[in-house]
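Below, each chain spelled out in residue letters.
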Amino acid sequence: SPETLRGDRGDLWDSGKVRSDQSVEVVYSGSPLRSHAQCFWKVRVWDAHDAASAWSAPAMWTMGILDPKEWKAEWIGYHNPSQVVRRSNPKDWGQDSPSPVFRRGFAVSKPLRRAVATICGLGYYELYLNGSKVGDRVLDPIFTRYDKRILYATYDVTKGVASGKNALGVMLGNGWYNQHAKDVWYFEKSPWRDRPRLLMQLRLEYADGAVETIASDLGR
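Because the structure is predicted, anything quoted here is derived from the model rather than measured. (Residues numbered from 1 in each chain as written. Predicted model: local features only at pLDDT ≥ 70, side-chain atom pairs only at ≥ 80, totals over all residues. Heavy atoms only, no water.)

Participant: Explanation requested: the nonpolar core in the structure shown.
Facilitator: A general trend in soluble globular proteins is that nonpolar side chains are found buried together. Ranked by internal contacts, the top residues of the largest apolar core, which has 24 residues, are Phe106, Leu127, Val157 and Leu202. Counting residues per element, this core draws most heavily on strand S11 (residues 197–206), at 5 residues. The next biggest cluster of nonpolar side chains, apart from the first, holds 10 residues, and it includes Ala73, Trp75, Cys120 and Trp192. (Core = buried A, V, L, I, M, F, W, Y, C linked by side-chain atoms within 4.5 Å. Buried < 20%, exposed > 50% of the residue type's maximum accessible area, 1.4 Å probe, protein only. Helix = DSSP H or I, 4+ residues; strand = E, 2+ residues; numbered from the N terminus.)

Participant: Where do I start with the environment of aspartate 136 in this structure?
Facilitator: Relative to the helices and strands, aspartate 136 resides in the loop between strand S8 (132–133) and strand S9 (153–156). Residues aspartate 136 and aspartate 217, spaced 81 residues apart in sequence, show a C-alpha to C-alpha distance of 26 Å.

Participant: Which parts of the structure should I look at to understand a nonpolar patch on the surface?
Facilitator: On the surface, Leu12, Trp13, Val26 and Tyr28 cluster together into a nonpolar patch covering about 340 Å² of accessible area. Relative to the assigned elements, tyrosine 28 resides in the loop between helix H1 (2–6) and strand S1 (38–41). According to the relative accessible area criterion, tyrosine 28 is partly exposed, its value standing at 32%. (Patch = residues over 30% accessible without salt bridge, like charges linked within 9 Å, V, L, I, M, F, W, Y side chains within 5 Å. Areas by Shrake-Rupley, 256 points an atom, 1.4 Å probe, with all protein chains shown as cover. Salt bridge = Lys/Arg side-chain N within 4 Å of Asp/Glu carboxyl O.)

Participant: Would you explain the environment of phenylalanine 106 in this entry?
Facilitator: Counting through the fold element by element, phenylalanine 106 comes out in strand S5 (residues 101–108). Classification of phenylalanine 106 by relative accessible area gives buried; the value is 8%. As a C-alpha pair, phenylalanine 106 and glycine 123 span 17 residues in sequence and 26 Å in three-dimensional space. If near-sequence neighbours (up to four positions away) are discounted, phenylalanine 106 is found in contact with Leu129, Val161, Gly164, Lys165, Asn166, Ala167, Leu168, Leu202, Leu204 and Ile214. (Contact = heavy atoms within 4.5 Å.)

Participant: Got a minute to help me understand the packing of aromatic side chains in this structure?
Facilitator: Aromatic rings in a pair are described by how distant their centres are and how their planes are angled relative to each other. As enumerated under the stated definition, the model contains 11 aromatic pairs in all. Ring geometry for tryptophan 176 and tryptophan 185: centres 6.4 Å apart, planes at 90°, overall edge-to-face. Accessibility expressed as a relative area gives 58% for tryptophan 185, which makes it exposed. Ring-pair connections join several aromatic residues into one group, and the members of that group are Phe143, Tyr146, Trp176, Tyr177, Trp185, Phe187 and Trp192. (Phe/Tyr/Trp six-rings, centres within 6.5 Å; stacked < 30°, edge-to-face > 60°.)

Participant: Looking at this structure, I do not really get the pairing of strand S6 (residues 112–122). What am I missing?
Facilitator: Put simply, side chains in a regular strand alternate between the two faces of the sheet. Extensive coverage of S6 is indicated by the burial of 9 of its 11 residues. In this structure, S6 lies alongside S11, joined through 10 bridges in antiparallel fashion. Across the sheet, valine 116 pairs through a bridge with arginine 203, a residue of S11. Looking at chain direction, S6 and S9 are connected through 4 bridges and run antiparallel. (Pairing = 2+ DSSP bridges.)

Participant: Even after reading the chapter, I still don't get the sheet that holds strand S10 (residues 164–173), so can you show me in this structure?
Facilitator: Strand pairing in a sheet is mediated by backbone hydrogen bonds. Such pairs are either parallel or antiparallel. Spatial ordering of the open sheet is given by S5-S10-S7-S8, a layout of 4 strands whose pairing is antiparallel. Each end of this open sheet is capped by a strand with a single partner; those strands are S5 and S8. In terms of strand pairing, strand S7 (residues 124–129) meets S8 through 2 bridges, oriented antiparallel. What sits directly across from leucine 129, in S8, is serine 132.

Participant: What am I meant to see in the pattern of salt bridges here?
Facilitator: Between side chains of opposite charge, a pair can form as their charged atoms come close. Here the structure, examined in full by the defined rule, presents 11 salt bridges. Here arginine 19 ties to aspartate 50 by a salt bridge, and the two come within 3.9 Å at their closest N and O atoms. A residue pair is termed long-range when its members are at least 10 positions apart, and arginine 19 in the loop between H1 and S1 and aspartate 50 in the loop between S1 and strand S2 (59–62) qualify at 31 residues. Assessed through its relative accessible area of 70%, arginine 19 is described here as exposed. In this structure, a network of salt bridges that share partners links the residues Arg113, Arg114, Arg203 and Glu205.

In short, geometric facts, not functional conclusions.
Pasting the structure below:
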């Protein structure tokens, strides 16, 4: 936590002084980590004369989702203006088809501590909160073997969430996930090809300790 870190103590892991020339692939040896946790850290080093440096400025990372059961969201995609489907025939969704856009409203009625959005949009996506684009990423997620592995991104959107009514928006694109044009790699024949779709959830952590999840689902 930031508080114990200011006292030069680590409540997750305090490695102490480690004599080693290993600076990469160091195995974490602290307390078990949990999904969504914020982890604050700092480091210092000793030189050849055993003189210690000053502590680095504190930094932070957020843990991802460690258990698949913690995903509350469902994959959704565009079929027609009145129906949302899991799977659909990509052959009638051409390169010139309009980008599908999804919107989800939600309300915040009490003090908020943190808001974290987790999203995967295939082939490409842009995430919006209350009309403003979230983050500076483009052409995300990066290419993978979509039938084997896909990547998601996490954004801290606390500052963008307002008291009262809010709205999330996602715009999708085909990308390499639904390639139509012929190329030397035959991506137009890829086994994963499908219409653009997304998986997304917003975790709202309130000041009173309550947690609410706003998730993409087939019913909304």
